[in-house]
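Chain by chain, the residues:
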Amino acid sequence: MTAVSASTDAVPAHPVPARADWRDTLREATDLALLGFAVALAALLVLTLAPALATASAALHDRSISGSWPEARTSLRRFGRALPAGLAVSAVALAAAALLAADLVALATGRVPGGGPALAFTAVVVAVLLGYAGLVAVAVGRTGGRGWRVAARRVARSCPERPGVWAAASGICALAVLLGVLVTPVAVPILGGYALAALHALDARRPVPS
């Protein structure tokens, strides 16, 4: 009776989850930093920025599903398939970014009337657009790095339905841009990798449709 009771007491009622080792955390941080540098390297031609982001987003999606990163040849194949549409997406995105940046600079230096309120409103608009673009990049990653137009339409419909996620994505992107201005240039790719991973983690919390 005592032996049976002792053996029963020795077995926990609920399994205790294994704690994450610090080496796992370090490995994850290193992988994300390397992912950011890979995006920066692939985006050196500027117009290859969108294909590079699409490929990195697809790799993060694979990582979240299977627990492992895709093979290098898989990522290279995805990058090649993303080039035709991605070049056009890069051109449009960079043109819009240049216009918005010029508007912010003009407002900040007083060359355009409006003062502080206009500058704050424009900054909010920029952050909102960045959040939208970040969620589009996540959606493209779910389809293997392709389908920018479909992803843009899908995210445009879902953002008003999930304003909290949209606001959080805007905050992530705005914080990444702000830190990118403050830190040394070599750390900017690291911020990019972390920001993209944060966007994927945020979007993964979306409710499962019934």
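About the cut-offs
Residues numbered from 1 in each chain as written. Predicted model: local features only at pLDDT ≥ 70, side-chain atom pairs only at ≥ 80, totals over all residues. Heavy atoms only, no water. Salt bridge = Lys/Arg side-chain N within 4 Å of Asp/Glu carboxyl O. Helix = DSSP H or I, 4+ residues; strand = E, 2+ residues; numbered from the N terminus. Buried < 20%, exposed > 50% of the residue type's maximum accessible area, 1.4 Å probe, protein only. Core = buried A, V, L, I, M, F, W, Y, C linked by side-chain atoms within 4.5 Å. Contact = heavy atoms within 4.5 Å.

Turning our attention to the pattern of salt bridges. Inspection of the entire model under this criterion finds five salt bridges. Salt-bridge contacts for arginine 78 lead to aspartate 62; the nearest nitrogen and oxygen are separated by 2.8 Å. Residue arginine 78 is located in helix 4 (residues 72-109), and its partner aspartate 62 is located in helix 3 (residues 49-66); the two are separated by 16 residues in the primary sequence. For arginine 73, the salt bridge is made with glutamate 71, and the minimal N-O distance between the two is 3.0 Å. The class for glutamate 71 is partly exposed, based on a relative accessible area of 46%. Salt bridges sharing common partners tie together Arg142, Arg162 and Asp203.

A few words now on the nonpolar core. In a soluble, globular protein the nonpolar side chains are often hidden away together inside. Leu135, Val136, Val140, Trp148 and Val155 are the most contacted members of the largest nonpolar core, which totals 16 residues. When residues of this core are traced back to their parent elements, those giving at least two are helix 3, helix 5 (115-142), helix 6 (148-161), helix 7 (163-182) and helix 8 (188-203). Element by element, the count of residues in this core is highest for helix 5, at five residues. The contact partners of leucine 135, leaving out residues within four places of it in the chain, are Val155, Cys159, Val165, Trp166, Ala169 and Asp203. Leu35, Ala43, Ala52 and Leu196 belong to the second-largest nonpolar core, a separate cluster that totals nine residues.

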